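Below are the chains, spelled out letter by letter.
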Amino acid sequence: MRPRVLVTLGIFPELLAQLRTQFEVEDNQTDRVLSPAELVRRLGDKDGALITGYDRIDASLLETCPRLKAACNLAVGYNNMDLPACTAHGVIATNTPDVLNDTTADLAFALLLAAARRITEAERWLRAGHWEGWRNDQMLGQDVHHATLGIVGMGQIGRAIARRAHGFDMRIIYHNRGRAPVELERALGARRVELDELLGTADFVCLALPYSPETHHLIDARRLGLMKANAILVNVGRGGLVDDAALVEALRTRRIAGAGLDVYEGEPALHAGFLALDNVALTPHIGSATRATRMQMGAVAAENLTAALSGRRPPNLLNPEVWEHRRR
Ligand code: DGY
C-alpha cells in the first residue's frame with residue numbers, strides 16, 4: 001500500500017498531482033486552517049504530512065499519530081514544530097530554507113521603503129480623494145539612502161537584505177549570535193554590534209530572525225525605548241519577536257517614527273491598534289509569496305517528504321538525531 005499523506009494547506013494543483021503519483025493524499029484545497037482537534041483526527045492514520053507554520057506539531061499530537069514518520073513544513077520557519085518531541089516519537093521534521101531568501105528580502109525592502117516614504121499612507125489618502133495638488137511639505141518621509149540599517153538576524157535572509165541595503169548606499173550594522181563571514185562584512189561594510197547598541201544607532205531596524213522562546217518579545221517596551229525617534233522597525237521574521245502592544249504604543253506616541261510589518265503576534269489576528277495608525281505599513285505574511293518562490297518551496301517540501309517516506313535522508317532534515325537513531 002502507498003504511504004498515506006495529509007496536506008494541511010491548499011497547494012498548487014501540479015504539486016498535488018505529483019504527490020498523488022506517490023502517495024494516498026488527503027488534501028485540504030479549501031485552505032481552511034485546521035483546528036488542533038481536526039489535525040489530530042486527520043493525522044491519526046497518516047505516514048507523512050505536508051504542513052504550514054500554523055499547524056502545531058507537539059508531543060500531545062504526536063502521541064495520537066503512531067504511524068507518522070515525517071512532518072514537512074512548507075516554510076523555512078519551524079517554530080510550529082517541537083523538534084525534541086518529533087525526535088522522541090521518531091518523526092522526521094523538515095523545512096524549506098534558501099529558496100525564499102531573496103523573495104523575503106525583497107519584501108523587507110518593500111516594507112522599509114513603504115514606511116520610510118509613507119507609500120501605503122499616501123495611497124490611502126489619494127484614494128480617499130484628499131489630493132488637491134503638489135505641496136512643498138506634502139507627505140514628507142525619510143531618506144533611505146545613506147541612512148543606517150540595523151539587521152537583527154544575519155542569516156541568509158538578513159544577508160540578502162544587507163546586499164540590497166548596500167545598493168542603497170546604506171551603512172549596515174547587524175546583531176547576530178555568531179559573526180558573519182569577514183569577506184561579507186568587508187564587501188558590504190557591515191559591522192557586528194550588540195543589540196542595544198544597534199537599536200540606539202540605526203535609522204531602520206530590520207528583524208530577520210526565527211522565533212523561539214529565547215527570542216519571544218526580543219523587541220519590548222524597553223528596547224523600543226532605546227530606538228531613535230526617527231527610527232522605523234521592519235519585521236519579516238515572525239510574530240512574537242515584537243511585543244505588539246508595546247509597538248502600537250510606541251507608534252501611537254511617536255516614540256519611533258514608523259514600522260513595516262509582515263508578521264504579527266497571534267496572526268491572522270492582529271492588534272487592532274495597528275489598523276488605527278497611519279505610520280505603519282502592513283502586509284499579511286507574504287514574505288515568500290511569489291509564484292516562482294512558492295513553486296520552489298513546494299518542490300523542496302515534496303522532495304523532503306518523498307525522501308523521508310522512502311528511506312532517504314531528506315535534504316532539509318531539522319532533527320538529525322532522529323536519522324542517526326533510525327540507522328542504529
Ligand atoms: C516561512 O517560510 O517561514 C514563511 O514565513 C512562511 O511561513
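Here the structure is a predicted model, which is why all the values come from computation and not from measurement.

**Q** Which parts of the structure should I look at to understand the overall build of the protein?
**A** Of regular secondary structure, the protein possesses 14 helices and twelve strands. Taken over C-alpha atoms, the radius of gyration comes to 21 Å for the protein, in line with the 20 Å a tight globule of 328 residues would show. With the C-alpha coordinates of the protein rotated into their principal frame, the extents come out at 70 × 50 × 35 Å. When the 328 residues of the protein are sorted by exposure, 49% land in the buried category. Here the contacts in the protein between residues at least 6 apart in sequence split such that 58% fall between residues at least 24 apart. Summed over its atoms, the accessible surface of the protein is roughly 15500 Å², and 54% of this surface lies on carbon and sulfur atoms. Considering the protein, the positive charge centre built from 38 side chains and the negative charge centre built from 39 side chains are found 3 Å apart.

**Q** It is not clear to me how the domain arrangement of the protein should be interpreted in this structure. Could you clarify?
**A** When the parts come together, some accessible area is lost, and that loss is often what is quoted as the size of the interface. Looking at the assigned domains, one finds that the protein contains domain 1 (4-97 + 291-327) and domain 2 (101-282). Centre-to-centre separation of domain 1 and domain 2, based on C-alpha positions: 32 Å. Contacts between the two partners involve five residues from domain 1 and, on the opposite side, five residues from domain 2. Summed over both partners, the interface of domain 1 with domain 2 comes to about 480 Å²; 48% of that surface belongs to carbon and sulfur atoms. By the criterion of area lost to domain 2, the three top residues of domain 1 are Tyr54, Asn79 and Thr293, representing 75% of everything that side buries.

**Q** Explain the packing of helix H5 (residues 101-116) against helix H7 (residues 156-167) here, please?
**A** For any two helices packed against each other, one specifies the inter-axial angle together with the distance between the axes. Here H5 crosses H7 at 55°, and the two axes come no closer than 8 Å. Taken together, the axes of H5 and H7 lie oblique to each other. Regarding H5 and H7, the two cross each other, and that crossing is right-handed. Residue-level contacts link Asn101, Asp102, Thr104, Ala105, Asp106, Ala108 and Phe109 of H5 to Gln156, Ile157, Ala160, Ile161, Arg163, Arg164 and Ala165 of H7. Considering only residue class, the contact of H5 with H7 consists of seven nonpolar, three polar and four charged.

**Q** Please explain the pattern of salt bridges as it appears in this structure.
**A** Oppositely charged side chains may form a pair once their charged atoms are brought near each other. In total, this model carries 26 salt bridges according to the counting rule given. Notably, a salt bridge pairs Arg179 with Glu185, separated by 2.6 Å at the nearest N-O pair. Since its relative accessible area comes to 54%, Arg179 is described here as exposed. If you follow the salt bridges from partner to partner, you end up with Arg4, Glu26, Arg32, Glu38, Arg41, Arg42, Asp45 and Lys46 in one network.

**Q** Would you mind going over the site of the ligand with me for this structure?
**A** Near the ligand, the surroundings consist of Ala75, Val76, Gly77, Leu100, Arg238, His285 and Met297. In this structure, Gly77 approaches the ligand through a main-chain N or O atom, which is 2.9 Å from an oxygen atom. Here the ligand, which alone exposes 230 Å², has 82% of that area covered by the protein. Its residues placed into classes, the shell around the ligand shows four nonpolar, two polar and one charged.

**Q** Would you take a moment to explain unusual backbone geometry for this structure?
**A** Backbone phi values are negative for most residues with the exception of glycine, while trans is the configuration of most peptide bonds. Cis geometry is adopted by the peptide bond preceding Pro268, which originates at Glu267 and carries an omega value of 15°. Backbone geometry places Arg118, a non-glycine residue, at a positive phi of 55°. Structurally, Arg118 is set in the loop between H5 and helix H6 (119-127). For Arg118, a relative accessible area of 26% translates into the label partly exposed.

**Q** Just checking my understanding: could you explain the pairing of strand E6 (residues 148-152) for this structure?
**A** Across a regular strand the side chains alternate sides, sitting on one face of the sheet and then on the other. Of all five residues making up E6, five are buried, and the element is well covered by its neighbours. Of the two faces of E6, the one lined by Thr148, Gly150 and Val152 and the one lined by Leu149 and Ile151 are each fully buried. The pairing of E6 with strand E7 (residues 171-175) spans five bridges and is classified as parallel. Of the residues in E7, the one forming a bridge with Gly150 is Ile173. With H7 bridging E6 and its parallel neighbour E7, the resulting β-α-β unit is right-handed. Across four bridges, E6 lies against strand E9 (residues 204-207) in parallel orientation. Across the sheet, residue Leu149 finds its bridge partner in E9, namely Phe204.

About the cut-offs
- Residues numbered from 1 in each chain as written.
- Predicted model: local features only at pLDDT ≥ 70, side-chain atom pairs only at ≥ 80, totals over all residues.
- Heavy atoms only, no water.
- Helix = DSSP H or I, 4+ residues; strand = E, 2+ residues; numbered from the N terminus.
- Rg over C-alpha atoms; globule rule 2.2 N^0.38 Å.
- Buried < 20%, exposed > 50% of the residue type's maximum accessible area, 1.4 Å probe, protein only.
- Contact = heavy atoms within 4.5 Å.
- Areas by Shrake-Rupley, 256 points an atom, 1.4 Å probe, with all protein chains shown as cover.
- Lys, Arg positive; Asp, Glu negative; His and termini not counted.
- Charge placed at Lys NZ, Arg CZ, Asp CG, Glu CD.
- Domains from an automatic or database assignment.
- Buried area = accessible area lost by both parts, 1.4 Å probe.
- Axes fitted to C-alpha atoms, helices over the stretch in contact; angles between N-to-C directions.
- Parallel < 35°, antiparallel > 145°, perpendicular 65-115°, else oblique.
- Left-handed = near helix turned anticlockwise from the far one by under 90°.
- Nonpolar A, V, L, I, M, F, W, Y, C, P; charged D, E, K, R; others polar.
- Salt bridge = Lys/Arg side-chain N within 4 Å of Asp/Glu carboxyl O.
- Near = heavy atom within 4 Å.
- Polar contact = N/O pair within 3.5 Å; in protein donor to acceptor, adjacent residues only side chain to side chain.
- Pairing = 2+ DSSP bridges.
- Right-handed = clockwise from strand over helix to strand, strands pointing away.

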